[in-house]
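Descriptive analysis of the structure
The chain contents come next:
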Amino acid sequence: MVSRVVFGRGSFNQLSDILSPKRLNVKAPFIYIVDDVFKGNAWLTSRISLAYADQLIFISADEEPKTSQVDELVEQIILSHKDRPSGIIGIGGGTILDLAKAVAIMLTNPGESKDYQGWDLVKTPAIYHVGVPTISGTGAEVSRTTVLTGPEKKLGINSDYTPFDQVILDPELTKGVPKDQWFYTGMDCYIHCVESLNGTYLNAFSQSYGEKAHDLCKEIFVDGDGTEEELQDKLMMASWHGGMSIAYSQVGVAHAMSYGLGYLLGTKHGIGNCIVFDHLEEFYPEGVALFKEMKKIHNIEIPQGICSQLDDYEFDIMIDVAMGLEPLWENAIGKNWKKSITREKLKALYQKM
Ligand code: NAD
Ligand code: ZN
């Protein structure tokens, strides 16, 4: 679990105070990995105070993190500083938060990041790392995984060393998020809840967080219950609870199939989940019905026909990625999932998308 967290509008102002006791020495910098959407945004960047060899690296979130990108960043950091960093601070959405987590792990673990995609393969604690979400929904700020696309698979580095040591939850930072993206990333949280609450891995821990996040999603996306600021606050906490819910259970069908789309077509996580979930009535009847209602309320068009031009070889790639995520299927369907989840079934579903 994340060991320290602060919450509140304006809490981002505490960043320097939080970091300064963690500085190891003047040669060991803090490295800030920041979404490049904030380049030139003085409102945010003026509150990051660089000292000694500290470095701010702007990174685009246009593409989701890759293992090669993590390895390059780590090499660049090692080559440009005399000491290992005092800390890595990720400021952005799931893409940037996951990059920050992966870089912190790979600064202390030998080899390439692709070698650690899987469960509990990381042996050495990561460098101190801090997460500051600027868009709510993924739960990446609280989870024990960092999802990376590697040469062979899209899979997380799931480990006890992955979670942030410190998270700053400042809902004010989410104020500039475009509406469609707000919906897609918000729906990631909603889908986490549906998949967790309807999964065979569910336990009292996951259920308590999942139900709270699900209720908050309804208040936000169905009832519109609150001012704009209150809704931002609620979505940030929904994301946190949704992430906590899957920490002790698993996601399900939408995520497995969305990873296939992401791997082959580069479809981003939030929108990819929406594209898939729209067709999953069979697995999650109530969850999908409410999703369709929320889509309508917010006037959101989900892309159609993204698989219409694909050939059999390409369908096979997506099916391989999706079916490789065994724990997700086991959670969604049960131990005997292979009896009902066949390649033909997944192909037929992908063909609808
Ligand atoms: P994202 O980080 O890709 O950001 C989406 C878009 O919103 C980007 O264009 C970004 O620049 C923009 N943005 C972010 N904050 C903004 C702000 N305040 N104002 C204006 N624009 C802003 O999207 P996401 O949905 O947060 O994250 C998706 C990623 O998260 C995927 O890589 C996915 O695999 C990962 N993920 C990780 C976990 C986990 O547990 N680690 C869980 C779910 C998803
Ligand atoms: Zn997700």
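Residues numbered from 1 in each chain as written. Chains lettered and ligands numbered in written order. Predicted model: local features only at pLDDT ≥ 70, side-chain atom pairs only at ≥ 80, totals over all residues. Heavy atoms only, no water.

Taking an unreviewed UniProt entry as the reference, the protein chain is identified by name as Iron-containing alcohol dehydrogenase belonging to Gelidibacter pelagius.

1. Notes on the domain arrangement of the protein chain
Heads up, the condition is: Where each domain starts and ends comes from a domain assignment, either automatic or drawn from a database. Here, two residues are considered to be in contact whenever any of their heavy atoms come within 4.5 Å of each other. When two parts are brought into contact, each loses some accessible area as probed by a 1.4 Å sphere; the total of that loss over both is the buried area. Basic side-chain nitrogens of Lys or Arg form a salt bridge, by our definition, when they fall within 4 Å of a carboxyl oxygen of Asp or Glu. Think of a polar contact as two N or O atoms within 3.5 Å of one another; within protein, one of them needs to be a possible hydrogen donor and the other a possible acceptor, and neighboring residues in sequence only count if both atoms come from side chains. Helical segments are the DSSP runs of H or I of at least four residues, strand segments are the runs of E of at least two, and each set is numbered from the N terminus. Gly falls in the polar group here, along with every residue not listed as nonpolar (Ala, Val, Leu, Ile, Met, Phe, Trp, Tyr, Cys, Pro) or charged (Asp, Glu, Lys, Arg).
Here the protein chain is described as being made up of domain 1 (4-174) and domain 2 (179-352). The centre of domain 1, based on its C-alpha atoms, is set 25 Å off from the matching centre of domain 2. In this assembly, 29 residues from domain 1 lie in contact with 23 residues from domain 2. Note on domain 1 versus domain 2: buried area summed over both sides is about 2,300 Å², and carbon and sulfur give 65% of it. The three residues of domain 1 that bury the most area against domain 2 are Ser136, Val142 and Lys154, which together make up 25% of that side's buried surface. Where domain 1 touches domain 2, the interface holds one salt bridge. Ionic pairing is found between arginine 9 and aspartate 233, a salt bridge with its closest N-O pair at 2.5 Å. Here domain 1 is connected to domain 2 by ten residue pairs in polar contact (both at pLDDT 80 or more). Listed by contribution, the elements that provide at least two residues to the side of domain 1 that touches domain 2 are β1 (4-7), β7 (147-149), β8 (154-158) and β9 (166-169). Its residues assigned to classes, the side of domain 1 that touches domain 2 shows 13 nonpolar, eight polar and eight charged.

2. Considering the nonpolar core
Proteins that are soluble and globular tend to have nonpolar side chains buried together. Let me state the cut-off plainly: The definition of a nonpolar core used throughout is a set of buried Ala, Val, Leu, Ile, Met, Phe, Trp, Tyr and Cys residues joined through side-chain atoms within 4.5 Å. Throughout this description, buried means an accessible area under 20% of the type-specific maximum (1.4 Å probe, protein chains only), exposed means over 50%, and partly exposed covers the range between.
If you look at the biggest cluster of nonpolar residues, it comprises 55 residues, and the most contacted ones within it are Tyr190, Phe277, Leu280 and Tyr350. With seven residues, the top contributor of residues to this core is helix α5 (residues 179-197). Residues contacting phenylalanine 277, with those up to four places away along its chain left out, are Tyr190, Ile191, Val194, Ala254, Tyr284, Gly287, Val288 and Phe291.

3. Some remarks on the coordination of the zinc ion (ligand 2)
We apply this condition: Here a donor is any nitrogen, oxygen or sulfur atom (N, O, S) within 2.8 Å of the metal, with 3.2 Å used for Na, K and Ca; water is not among the atoms considered, so some sites may look incomplete. Only two sets of limits are used to name each site, 85 to 135 degrees for every angle of a tetrahedral four-donor site, and over 155 degrees for opposite donors with all other angles from 65 to 115 for a square planar four-donor or octahedral six-donor site, with any other site named irregular.
Distances from the zinc ion (ligand 2) to its protein donors, namely Asp188 (OD), His192 (NE2), His255 (NE2) and His269 (NE2), fall within the range 2.1 to 2.2 Å. Considering all four donor atoms around the zinc ion (ligand 2), angles at the metal cover 89 to 171° and the coordination shape is irregular. In primary-sequence terms, the residues that donate to the zinc ion (ligand 2) follow D-x3-H-x62-H-x13-H. One end of the pair, aspartate 188, is in helix α5; the other, histidine 255, is in helix α8 (residues 253-265), and 67 residues separate them in sequence.

4. Overview of the UniProt feature "domain: Fe-containing alcohol dehydrogenase-like C-terminal" (unreviewed entry) in the protein chain
We count it as follows: UniProt positions are given in the numbering used here, feature names are shortened, and annotations may be inferred rather than shown by experiment.
The sites that carry the UniProt feature "domain: Fe-containing alcohol dehydrogenase-like C-terminal" (unreviewed entry) are, in the present numbering, residues 184-297. Measuring from the first to the last C-alpha atom of residues 184-297 gives 14 Å, for a span that is 78% helix and 0% strand.

5. Looking at a negative patch on the surface
To be explicit about the condition: Each patch groups residues whose relative accessible area exceeds 30% and which form no salt bridge, using 9 Å between like charges and 5 Å between nonpolar side chains of Val, Leu, Ile, Met, Phe, Trp and Tyr. Only the protein chains shown count as cover for residues, and the accessible areas themselves come from Shrake-Rupley with a 1.4 Å probe. In this count, Lys and Arg are taken as positive residues and Asp and Glu as negative ones, while His and the chain termini are left out. All charge positions are set by atom: Lys at NZ, Arg at CZ, Asp at CG, Glu at CD.
A contiguous patch of negative charge on the surface is contributed by Asp223, Asp225, Glu228, Glu229 and Glu230. The element that contributes the greatest number of residues to the negative patch is helix α7 (residues 228-247), accounting for three residues. Looking at the secondary structure, you find glutamate 229 in helix α7.

6. A few points about the packing of α8 against helix α9 (residues 269-277)
To keep things clear, this is the line we draw: Think of each axis as a best-fit line through the C-alpha atoms, taken over the contacting stretch in the case of a helix, with angles from 0 to 180 degrees between the N-to-C directions. The scheme is simple: roughly parallel for angles under 35 degrees, roughly antiparallel for over 145, roughly perpendicular for 65 to 115, oblique for anything else. Here is the rule for handedness: rotate from the far helix to the near one, and if that takes an anticlockwise turn smaller than a right angle the crossing is left-handed, while a clockwise turn gives right-handed.
Running from N to C, α8 and α9 point in directions that differ by 120°, and their axes come no closer than 8 Å. By the angle between their axes, α8 is oblique relative to α9. Seen along the crossing, α8 lies across α9 with a hand that is right-handed. Mapping the contact onto sequence places Ala254, His255, Met257, Ser258, Tyr259 and Leu261 in α8 and His269, Gly272, Asn273, Ile275, Val276 and Phe277 in α9. Looking at the contact of α8 with α9, its residues break down into seven nonpolar, five polar and no charged.

7. With respect to the pairing of strand β4 (residues 87-92)
Here is the rule: In this analysis, strands are considered paired if DSSP registers two or more bridges between them.
In terms of burial, β4 is largely enclosed, as six of its six residues are buried. Covered by surrounding structure in β4 are Gly87, Ile89 and Ile91 together with Ile88, Gly90 and Gly92, the residues of both alternating faces. The sheet contact formed by β4 and strand β6 (residues 129-133) spans five bridges and is parallel. Within β6, the residue paired with glycine 90 across the bridge is glycine 131.

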